[in-house]
Amino acid sequence: MKQAVTTNQVTYQTARRGGGKPTKVALIGAGTVGEEVVRLLRNRPEFELVGVLVRDPARERAFTGWQELVTTNEDVLAGVDVLVEVAGGTGNAADLSLRHLAAGKQLVTANKAALAERWAEYLPHAEEGRVHFEAAVMAGTPAVGVLAGALRGSAPVSLHAVLNGTCNVILAMMDEGSSFAAALAEAQRLGFAEADPTLDVGGFDAAHKLTVLGRLAFDPALTWQAVHGATRGISDLTEQALAAQAQRGRRVRLIGSIVANSGRWEAQVRPVSLPVGHPLLTTGGTNALLFTGDPVGTVYVRGAGAGGGSTASGVLADMLTAAAGSSGPRPLASAAPVPLTASEASDGVEEL
Ligand SMILES: NC(=O)c1ccc[n+]([C@@H]2O[C@H](COP(=O)([O-])OP(=O)(O)OC[C@H]3O[C@@H](n4cnc5c(N)ncnc54)[C@H](OP(=O)(O)O)[C@@H]3O)[C@@H](O)[C@H]2O)c1
């Protein structure tokens, strides 16, 4: 049996059962998600992990054998079949991913920021089915695959989704009377919010995800600029405003929506008011998506929207798809017809 990286306890590569050659993979990133992906690969003899590109090779990683795997040498990415980008940002990690794609290879990425903001560069490769990005939206909870797959049989009518767990956690604390500042500080203390919370509380993380989903199901030409310009976060909400909604039996949540408006698809992210019992009124980091299509009706997907384990699950699913030579989600060829009337499914989602 062939072995690549062996430690006292763990073998990251063995020959695939049944004799096939393992798929060579490398990761960019060994943070919250990357560490979990490496752990999952421990039990996956169909993959040979050749290395993990990081910024700081001295930092201890939470997987066995990290000293042999982590590197700052970009050469580790050359020659792999499937590159897994779990680093983030719109800079170097995206550049390296695009270089890999330009060589005709497959990419698995959880990086919604790069997909949303640099989509034109990914698009030719996505059209060839070589970009896999299930984990970029709602982590391991299926969203990308269902919109680009099973739901393509219906004409889209609307989409409403909770796409950012950090805002959910903060708004739930404000429901209990906390100010925004106090709730944010508590969310940071509990590890739900980053030291720099702008991407989350400004609504931009949800906007990245909505842009990715919108292009797959509604309009392939949806621009990041359009969604960004229609994004409002939660930092100007007051606990008094939430209390006023509570008196009406309603709660406030950050929702990304795509609806028909005056003959156009309109995508926006903003805090809205929802009646208690509404399916999008989730708690904690739970994300949820309501898609309405004709004739499928309304479809509801709900589950963890973040976290190393959930996201790594989505990444591994994509790696299996890529290793099998199956296509990633195919971009839409043209915009879906815009319904003449606004969706019934927007019922219950009330603008603030
Ligand atoms: N965390 C989640 O729940 C979640 C959910 C869905 C999607 N995602 C997406 O998954 C990606 C990773 O998220 P994360 O939470 O794991 O981030 P993270 O904990 O901050 O880890 C990022 C990792 O990437 C490495 N890195 C960053 N830029 C790099 C570069 N230019 N070259 C080489 N290595 C680089 C960092 O190296 P060092 O450790 O050496 O600094 C670190 O190991 C992001 O795109 C994020 O949006 C995350």
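Residues numbered from 1 in each chain as written. Predicted model: local features only at pLDDT ≥ 70, side-chain atom pairs only at ≥ 80, totals over all residues.

Novice: Report on the pairing of strand β9 (residues 264-275), specifying residues and quantitative values.
Specialist: Direction of pairing for strand β8 (residues 250-261) relative to β9: antiparallel, over a ladder of 12 bridges. Looking at β9, one finds that S257 is bridged to Q268. (Pairing = 2+ DSSP bridges. Helix = DSSP H or I, 4+ residues; strand = E, 2+ residues; numbered from the N terminus.)

Novice: Help me get a handle on the domain arrangement of the protein, residues and values and all.
Specialist: Interface size is commonly expressed as the accessible surface area that is lost when the partners come together. Parsing the protein into structural domains produces domain 1 (5-140 + 309-323) and domain 2 (144-305 + 334-351). Placing a centre on the C-alpha atoms of domain 1 and another on those of domain 2 gives a separation of 28 Å. Domain 1 puts 14 residues into the contact, and the matching count from domain 2 is 15 residues. Among the residues making up the side of domain 1 that touches domain 2, the classes are represented as 9 nonpolar, 2 polar and 3 charged. (Domains from an automatic or database assignment. Contact = placed C-beta atoms within 7 Å. Nonpolar A, V, L, I, M, F, W, Y, C, P; charged D, E, K, R; others polar.)

Novice: Any chance you could break down helix α3 (residues 92-102) for me, citing the residues and the numbers?
Specialist: Regarding α3, the residues found buried are A93, A94, S97, H100 and L101. Burial along α3 is one-sided: seen end-on, the buried residues are contained in an arc of 120°. In this structure, the buried side of α3 is in contact with β1 (23-28), β4 (82-85), β5 (106-109), α4 (112-117), α5 (119-127) and β6 (131-132). Two residues or fewer after α3 comes G104, characterised by a positive phi angle close to 85°. (Buried ≥ 20, exposed ≤ 12 C-beta atoms within 10 Å, placed from the backbone. Arc of directions from axis to C-beta.)

Novice: Report on the sheet that holds strand β2 (residues 47-53), specifying residues and quantitative values.
Specialist: Overall, parallel pairing links the 6 strands, which are arranged β3-β2-β1-β4-β5-β6 in an open sheet. Because the sheet does not close on itself, it has two edges, and the strands there are β3 (70-71) and β6. Note: β1 against β4, 4 bridges, orientation parallel. Within the sheet, the bridge partner assigned to L27 lies in β4 and is V84. Relative to β2, helix α1 (residues 32-41) is tilted by about 155°, and along the sheet it contacts β1, β2 and β4. (Axes fitted to C-alpha atoms, helices over the stretch in contact; angles between N-to-C directions.)

Novice: So what's going on with the site of the ligand? Residues and values would help.
Specialist: Close contacts around the ligand come from 25 residues, with G29, G31, A87, G88 and A306 the closest. Among the elements that line the shell around the ligand, the one with the most residues is α1, at 3 residues. (Near = placed C-beta within 6 Å.)

Novice: Before we move on, can you summarise the confidence of the model for the protein with the specific residues and values?
Specialist: Within the protein, residue pLDDT values average 93, and 93% of them lie at 70 or more. Note on residues 1-11: pLDDT under 50 across the span, and 22 contacts to partners over four residues away in sequence or across chains. Contacts for the low-pLDDT stretch residues 13-18, under 50 throughout, to residues beyond four places or in other chains number 19 contacts. (pLDDT = per-residue confidence, 0-100.)

Novice: An account of the packing of helix α7 (residues 165-175) against helix α8 (residues 180-189) is needed here, citing residue identities and associated values.
Specialist: Closest axis-to-axis distance for the α7/α8 pair is 9 Å, and the angle between their directions is 130°. By the angle between their axes, α7 is oblique relative to α8. α8 is crossed by α7, and the crossing has right-handed handedness. Residues T166, V169, I170, M173 and M174 of α7 form the contact with α8, whose own contacting residues are F180, A183, L184, E186 and A187. Grouping the constituent residues of the contact of α7 with α8 by class yields 8 nonpolar, 1 polar and 1 charged. (Parallel < 35°, antiparallel > 145°, perpendicular 65-115°, else oblique. Left-handed = near helix turned anticlockwise from the far one by under 90°.)

Novice: Explain helix α13 (residues 308-323) residue by residue, including any values.
Specialist: Taking 1.5 Å as the rise per residue, α13 with 16 residues should run 22 Å; its terminal C-alpha atoms sit 22 Å apart, in good agreement. Looking at α13, one finds that the buried residues are S310, T311, A312, S313, G314, V315, L316, D318, M319, T321, A322 and A323. G325 lies just past α13 and shows a positive phi near 80°. (Expected span 1.5 Å × (residues − 1).)

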